[in-house]
Amino acid sequence: MATIDDIIKSEINPFNLINIKPMNFWEEKQNPSLTVDSIHREVISEIEEFLDLVMIDHRSRSILLTGDPGSGKSHLLGRLKQTLNSKAFFVYILCDWADSGNIWRHVLRCTVDSLIQIPEEQQESQLILWLKSLSAFTKHNLKQRFFNDSIWEFLLSDRQKFIKHLKETYKTARIYNPDMFFGVLHDLTNPELYSLACEWLRGDCLSEESMQALKVKYCIETEDEAKSMLANFGRISTETQPIVLCFDNLDTMPKLADGFLDIQHFFDVNTTIHGENLKNFLIIISVITNTWNRHVNRIQPADKAGIHKLIRLKPITLEQAETIWAYLLKPLHQQPNTRPESSIYPLERDVLEKNFPAGKTYPRNVINLGLVEYQNYKIYILTGNNPNGDKEVEPRPIIDRKAEFQLLWQQELKKIQSKIARICLLSSSDLIRMVQEALEALQIQSIKPKLIKGKYASYSLSYQTPNKQDRIGIVWTEDANMTSFFHIMNACQKVIQENIFQKLYLIRIGSVGNAKLAGYKIYNQIFKGTNHHHIKPNISSVHYLATYHSLVNSAVAQELVLGGKAITLQELQSLTRETEILHKCALLQDLGIISKQDPDGDDSNGTNGKKDLRPVKEFMFNLVTTQSYMGVVTLISQSVHQFSYVNETEIKYLIDLLCQERKVKIINPKAKLQDQLICLLNKNN
């Protein structure tokens, strides 16, 4: 019968599963281990009071939420959404716009991306729920508002009547381009046009055919257009549930030349929302306390006045810290027949008291301490139950940071792969910024953004080759509209004529048009039979770039934790180079930044002659490295969970390979499979 110590030997460290970092609450599930009801309860109550005020008088308000790194700011935003989503529509906006010249477009894109999410216990998206809640489709009865089904059905049958009805209802609301806006709102109700309508609302540059289907004359391409479109949401929402705009981690916004954040542009947005009397928004701004203190004097007094409440997250008590430990350890405690008497076994309360003598700390510190203490205990019970002292077992009380980084990378990559199905879901400005971050990590020199001039400058950059002989230009555009493509090609041609670089790469998976189009003709002149190249990126490359971008944001926000320690952007870049994690990105290979790799491999690397199992093998070795030792069955289940395309037989094959390579060892090979433990081999043997 397995004891709790047997379970601890076999299972992975539960504190390894936690990595606090910027979290989009619509894309990542809330971690229940951190949701202790008493933690920050008073903060949630304060914010709910402000939300109730917005619901009553529909005046927009702003709250500034400050806290030290690891205090749980991003997690709190998730709790607010989870707790209050029945009372409001929630929008998550990570402050990572490519540059301050497209901040309104970033806010609009994130707003629509959040509104198309379906809340728990609902069948329709926030966007459709918001649309149905407009006063144009409701009627009043004894101060109660309810959805008028007959009006809705009647108006859906006729697009022009729908537009006319909304124009009459909101004739004093100063709606920007009401015919197009209300027409696209009608298209949201058509299943065949819903996706296109969402793309137009979020500011995507649509093809001429798509625009024709939506009956719109142009797309939302400028900052003023994006601001006006966001204003439309506010101006017709005066009687709906509030929209909560959650701006998370100001630290991820662009920096000025002096190293300070370009924070004034952001507060211009907040002030505009209040100054133009946009109704029914509750704005929550999350920022690290030190960041706010460094920048507060760089903000105009009038913009400071736009913050109606400043709330600071306080440390948690040791009782709350103990509850976090108990939540994380609970799954282990449920496995043996006899449960431990202490809810935090094998950890002890006096460890908390010793490490936090003031009786206060932050959630991240609690988890980091649990990580180390649990790992130490795990090694202790192995050596204690191994009186002969197997010298090939290498105790590792300190987590291997490189191995943990590679595990984190694979987990984050998996999330990104499920999130980004098409390249066009990302803006061209965001895509080129991801390329820049990868080049910086690989120590490419003299990177300069905005190679081309004009409206599409943020789609481009240039850099110096390692031998410093050539300057290379890159333009990445996925705008589907051929008029936009013409202007981009025209801008490329002009900069080529200036002779400031030797080679230009166009990155684009979309169409380049046909021989009848002016943009295609310029494209041919630039890229046919010249030194310039057109690269068609694959979705896998975008997943790699987006994964690294996500980790960059985490590091900049001081929320990327490895081995119980927050790592800096410079440390992330160093780990990226050490692990060569970006060397598998085909786009970087096509650009000549890194050498092309053999895609096939061989059986000694774990391909098994059928499919490439090398990522699986790497994952398994890194997992054993971070755990020191673990159950073979646990290793198999974790690997199958991470890689759905492999089966148990293939995992066992990879374990055999790792044993043959003398990287790992089965401690008790004669035991039943469910009792076998696997560990690293001592490097000295």
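Source: prediction; values computed, not measured.

**Remarks on the pattern of salt bridges**
Taken as a whole, this structure holds 34 salt bridges when the rule is applied. A salt bridge links Asp179 to Lys167; its shortest N-O distance comes to 3.3 Å. With a gap of 12 residues between them, Asp179 in helix H8 (residues 178-187) and Lys167 in helix H7 (residues 159-169) connect regions that are remote in the sequence. On the basis of relative accessibility, which here comes to 43%, the residue Asp179 falls in the partly exposed class. When the shortest N-O distance is used, the salt bridge between Arg614 and Asp612 registers 2.8 Å. Taking the relative accessible area as the measure of exposure, Asp612 reaches 31% and is therefore partly exposed.

**Describing the side chain of Arg433**
If you trace the backbone, Arg433 turns up in helix H19 (residues 428-441). Those residues in contact with Arg433, other than ones at most four positions away along the chain, are Asp96, Trp97, Ala98 and His549.

**So, the packing of aromatic side chains**
Scanning the entire structure with this criterion turns up 22 aromatic pairs. Ring centres of Phe25 and Tyr92 lie 5.3 Å apart, and the angle between their planes is 75 degrees; on these two criteria the pair is classed as edge-to-face. Here Phe25 is found in the loop between helix H1 (4-10) and helix H2 (41-57), whereas its partner Tyr92 is found in strand E2 (residues 89-94), with 67 residues between them in sequence. You'll find Phe25 and Tyr92 in the same group, each marked buried. Arranged with centres 6.0 Å apart and planes meeting at 75 degrees, the rings of Phe643 and Tyr645 form a pair that is edge-to-face.

**Section: the pairing of E2**
Burial runs high along E2: 6 of the 6 residues are buried. What you see with E2 is no split at all: Phe89, Val91 and Ile93 on one side and Phe90, Tyr92 and Leu94 on the other are buried throughout. By the bridge criterion, 6 bridges tie E2 to strand E5 (residues 243-248) in an arrangement that is parallel. If you follow Phe90 over to E5, its bridge partner there is Val244.

**Some remarks on unusual backbone geometry**
Glycine aside, residues mostly have negative phi, and peptide bonds are mostly found in the trans state. With omega at 15 degrees, the peptide bond leading from Tyr345 into Pro346 counts as cis. Mapped onto the elements of the fold, Pro346 is located in the loop between helix H15 (318-333) and helix H16 (349-355). A positive phi is found at Gln443, a non-glycine position, where the angle reads about 65 degrees. With respect to the helices and strands, the residue Gln443 is situated in the loop between H19 and strand E10 (445-449).

**Some remarks on the nonpolar core**
By size, the foremost hydrophobic cluster in this structure holds 72 residues, and its most contacted members are Trp130, Leu185 and Trp200. Of the residues forming this core, the biggest block, 7 residues, is contributed by helix H4 (residues 103-115). Residues within four places of Trp130 in sequence aside, it is in contact with Phe89, Leu185, Phe233, Ile236, Ser237, Thr240 and Ile243. Counting 47 residues, the second-largest nonpolar core is a separate cluster that includes Trp409, Ala438, Leu582 and Ile593.

**Regarding the sheet that holds strand E11 (residues 460-464)**
On the basis of which strands lie adjacent, the open sheet formed by 5 strands has the order E10-E11-E12-E13-E14 and mixed pairing. Single-partner strands in this sheet number two, and they are E10 and strand E14 (533-535). Averaged over neighbouring strand pairs, the angle between their axes works out to 20 degrees when direction is ignored. Where E10 meets E11, 3 bridges bridge the pair, whose relative direction is antiparallel. In the sheet register, Pro449 faces E11, and the bridge partner there is Leu461. The sheet strands contacting helix H20 (residues 482-497) are strand E12 (471-476) and strand E13 (503-507), and the helix crosses E13 at an angle near 170 degrees. On the sheet, helix H21 (residues 518-527) packs against E13 and E14 and is oriented at approximately 135 degrees with respect to E13.

**Brief notes about the environment of Ala226**
Inspection of the secondary structure puts Ala226 in helix H11 (residues 223-235). A sequence separation of 98 residues divides Ala226 from Ile128, and the C-alpha atoms of the two residues are 20 Å apart. Once residues lying within four places of it in the same chain are set aside, the contact partners of Ala226 are Trp104, Arg105, Leu108 and Ile220.

**Notes on the sheet that holds strand E7 (residues 309-312)**
On the basis of which strands lie adjacent, the open sheet formed by 5 strands has the order E2-E5-E6-E1-E7 and parallel pairing. Both outer strands of the open sheet, E2 and E7, are each paired with one neighbouring strand and no more. Across the sheet, the mean angle from the axis of one strand to that of its neighbour is 20 degrees, orientation sign disregarded. Note that E5 and strand E6 (residues 281-288) share 5 bridges and pair parallel. Residue pairing in the sheet places Leu245 in a bridge with Ile283 of E6. Relative to the sheet, H4 contacts E2 and E5, its axis offset from that of E2 by approximately 135 degrees.

**A word on the state of the cysteines**
Formally, a disulfide is one covalent bond, and it connects the sulfur atom of one cysteine to the sulfur atom of another. Tallying each qualifying case throughout the model produces 0 disulfides. Between Cys110, a free cysteine, and Cys95, which holds the nearest cysteine sulfur, the sulfur-to-sulfur gap is 8.9 Å. Distance from the sulfur of Cys492, which forms no disulfide, to the nearest cysteine sulfur (Cys205) is 15 Å.

Rules of the game
Sequence order sets the numbering: in each chain, residues are counted from 1 along the sequence as written. Only residues with pLDDT of at least 70 are given local features in this predicted model, and only at 80 or more are side-chain atom pairs given and counted; all residues enter the totals for whole chains, interfaces and linings. For side-chain calculations, the full set of non-hydrogen atoms in the structure is used, while hydrogens and water are omitted. Salt bridges are counted wherever a side-chain nitrogen of Lys or Arg sits within 4 Å of a carboxyl oxygen of Asp or Glu. What counts as a helix is a DSSP run of H or I of at least four residues, what counts as a strand is a run of E of at least two, and both are numbered from the N terminus. Only protein chains enter the accessibility calculation, which uses a 1.4 Å probe; a residue is then buried when its area is under 20% of its type maximum, exposed when over 50%, and partly exposed in between. Contact criterion: two residues are considered in contact whenever any of their non-hydrogen atoms come within 4.5 Å of each other. Any two rings among Phe, Tyr and Trp, with Trp reduced to its six-membered ring, count as a pair given centres within 6.5 Å; such a pair is stacked if its planes are under 30 degrees apart, edge-to-face if over 60, and tilted if neither. Here, a strand pair is defined by DSSP locating no fewer than two bridges between the strands. Take the buried Ala, Val, Leu, Ile, Met, Phe, Trp, Tyr and Cys residues and link them wherever side-chain atoms come within 4.5 Å; each set so joined is a nonpolar core. Interaxial angles span 0 to 180 degrees and are taken between N-to-C directions of axes, which are lines fitted to C-alpha atoms, for helices over the stretch in contact. Cysteine sulfurs are considered disulfide-paired once they come within 2.5 Å of each other.

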